[in-house]
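Take a look at the letters that make up each chain.
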Amino acid sequence: DTAVSQTPKYLVTQMGNDKSIKCEQNLGHDTMYWYKQDSKKFLKIMFSYNNKELIINETVPNRFSPKSPDKAHLNLHINSLELGDSAVYFCASTKGELAGAPDTQYFGPGTRLTVL
Amino acid sequence: AQSVTQPDIHITVSEGASLELRCNYSYGATPYLFWYVQSPGQGLQLLLKYFSGDTLVQGIKGFEAEFKRSQSSFNLRKPSVHWSDAAEYFCAVAGFQKLVFGTGTRLLVSP
């Protein structure tokens, strides 16, 4: 069973298009994340949601809009794609206690987005 | 703000030799530290984590890491590297509800 899954695995699109990446976790976790990994492999958090509520928004352009229909899903919609959006996007989840020691984050396999 | 430094961009080790990957962190309170491994084209897999207690932490695949508060370090070690260990290794420190990652160290294993 895949704990954290993402679709699609690869996404190639033209500049200016709108695209979505989906993420689902079957771990019963409360908190989900989106991370961006650039061409130099640097990983940076974009968003986190806890029980469908936005917790963290790390100054990401508003062309990026996360949506959490339920606590098992966190989708990422990107409008007006730009060349600089090309990256690997990772979804992750954790039990997500808002207080206390942080828990282990479990990562999905990533979605490689290429904007032409 | 939390930060993590991995000073080595890449390291080459002969198969069977020992390995140490360096990680230094900056955090005002007790740090929660992690090492993740990313194989080519794959997601991140947790190797080990330190929250408190024994400063020598054992992980999967024969890896261990030692937390040294005085040096603000959390170096990853393995006594004998296998070719399958070739991957990108990330050290991370936990902030409020997020992980802050280092820039990664690429491990190359030579025959």
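Quick caveat: nothing in here was measured; it's all calculated off a predicted structure.

**Considering the overall build of chain B**
And step 1. Along chain B, the regular secondary structure elements total zero helices and twelve strands.
And step 2. Along its sequence from the N terminus, chain B presents helices and strands in the succession β-β-β-β-β-β-β-β-β-β-β-β.
And step 3. In terms of C-alpha radius of gyration, chain B reaches 13 Å, essentially the compact-globule figure of 13 Å for 111 residues.
And step 4. Counting over 111 residues, chain B shows a buried share of 47%.
And step 5. A sequence separation of at least 24 residues applies to 53% of the contacts in chain B between residues at least 6 apart.
And step 6. Counting every atom, chain B has about 5,200 Å² of accessible surface; 51% of that belongs to carbon and sulfur.

**Concerning the overall build of chain A**
And step 1. Helix and strand counts for chain A stand at zero helices and eleven strands.
And step 2. Going from N to C terminus, chain A has its helices and strands arranged as β-β-β-β-β-β-β-β-β-β-β.
And step 3. Relative to a compact globule of 116 residues, whose C-alpha radius of gyration would be 13 Å, chain A shows 14 Å and is just as compact.
And step 4. The principal-axis extents of the C-alpha atoms in chain A amount to approximately 40 × 30 × 30 Å.
And step 5. Within chain A, the fraction of its 116 residues that count as buried is 45%.
And step 6. In chain A, once contacts between residues fewer than 6 apart in sequence are set aside, the share between residues at least 24 apart is 56%.
And step 7. On chain A, roughly 5,700 Å² of surface is accessible, and the fraction owed to carbon and sulfur atoms is 50%.

**Some remarks on the interface of chain B and chain A**
And step 1. Counting residues at the interface gives 22 residues for chain B and 26 residues for chain A.
And step 2. Each partner contributes to the roughly 1,900 Å² buried at the junction of chain B and chain A, and carbon and sulfur atoms together form 58% of this total.
And step 3. Counting the contacts that link chain B with chain A gives four residue pairs in polar contact (both at pLDDT 80 or more).
And step 4. Residue assignment for the side of chain B that touches chain A shows that the elements contributing at least two residues are strand E5 (33-38), strand E6 (44-50), strand E10 (87-95) and strand E11 (98-101) of chain B.
And step 5. For the side of chain B that touches chain A, the per-class residue count stands at eleven nonpolar, seven polar and four charged.

**Examining the side chain of Thr31(A)**
And step 1. Within the fold, Thr31(A) resides in strand E4 (residues 31-37).
And step 2. A distance of 2.7 Å separates the side chain of Thr31(A) from the side chain of Asn50(A), its partner in a polar contact.

**What to know about the packing of aromatic side chains**
And step 1. Summed over all chains, the structure comprises 16 aromatic pairs over all chains.
And step 2. Each ring, one from Phe64(A) and one from Tyr89(A), has its centre 6.3 Å from the other, and the planes form 35°; the classification is tilted. Note that Phe64(A) is positioned in strand E7 (residues 64-70) and Tyr89(A) in strand E9 (residues 87-94), a separation of 25 residues in sequence.
And step 3. Relative accessible area serves as the criterion here: at 7%, Phe64(A) is assigned to the buried category.
And step 4. In this structure an aromatic cluster arises from ring pairing among Tyr33(A), Tyr35(A), Phe90(A), Phe107(A), Tyr32(B), Phe34(B), Tyr36(B), Phe51(B), Phe90(B) and Phe101(B).

**Describing unusual backbone geometry**
And step 1. Here the bond from Thr7(A) into Pro8(A) is cis, since omega is -5°, no more than 30 degrees from zero.
And step 2. Within the secondary structure layout, Pro8(A) lies in the loop between strand E1 (4-7) and strand E2 (10-13).
And step 3. Even without a glycine there, the phi angle at Lys52(A) is positive, about 75°.
And step 4. Within the element layout of this structure, Lys52(A) appears in the loop between strand E5 (43-50) and strand E6 (53-57).
And step 5. A positive phi angle, near 60°, is found at Lys61(B), a position not held by glycine.
And step 6. Examined against the element boundaries, Lys61(B) turns out to sit in the loop between strand E7 (56-58) and strand E8 (64-68).
And step 7. Owing to a relative accessible area of 44%, Lys61(B) belongs among the partly exposed residues under this scheme.

**Overview of the pattern of salt bridges**
And step 1. Under the definition given, this model contains nine salt bridges over all chains.
And step 2. The partner of Arg63(A) in a salt bridge is Asp85(A), with the nearest N and O atoms 2.8 Å apart. With Arg63(A) in the loop between E6 and E7 and Asp85(A) in the loop between strand E8 (73-78) and E9, this pair connects stretches of sequence that are 22 residues apart.
And step 3. Judged by relative accessible area, Arg63(A) falls into the buried class, the value being 14%.
And step 4. Measuring nitrogen to oxygen at the nearest pair gives 2.9 Å for the salt bridge that ties Arg22(B) to Asp8(B).

Definitions and cut-offs
Residues numbered from 1 in each chain as written. Chains lettered and ligands numbered in written order. Predicted model: local features only at pLDDT ≥ 70, side-chain atom pairs only at ≥ 80, totals over all residues. Heavy atoms only, no water. Helix = DSSP H or I, 4+ residues; strand = E, 2+ residues; numbered from the N terminus. Rg over C-alpha atoms; globule rule 2.2 N^0.38 Å. Buried < 20%, exposed > 50% of the residue type's maximum accessible area, 1.4 Å probe, protein only. Contact = heavy atoms within 4.5 Å. Areas by Shrake-Rupley, 256 points an atom, 1.4 Å probe, with all protein chains shown as cover. Buried area = accessible area lost by both parts, 1.4 Å probe. Polar contact = N/O pair within 3.5 Å; in protein donor to acceptor, adjacent residues only side chain to side chain. Nonpolar A, V, L, I, M, F, W, Y, C, P; charged D, E, K, R; others polar. Phe/Tyr/Trp six-rings, centres within 6.5 Å; stacked < 30°, edge-to-face > 60°. Salt bridge = Lys/Arg side-chain N within 4 Å of Asp/Glu carboxyl O.

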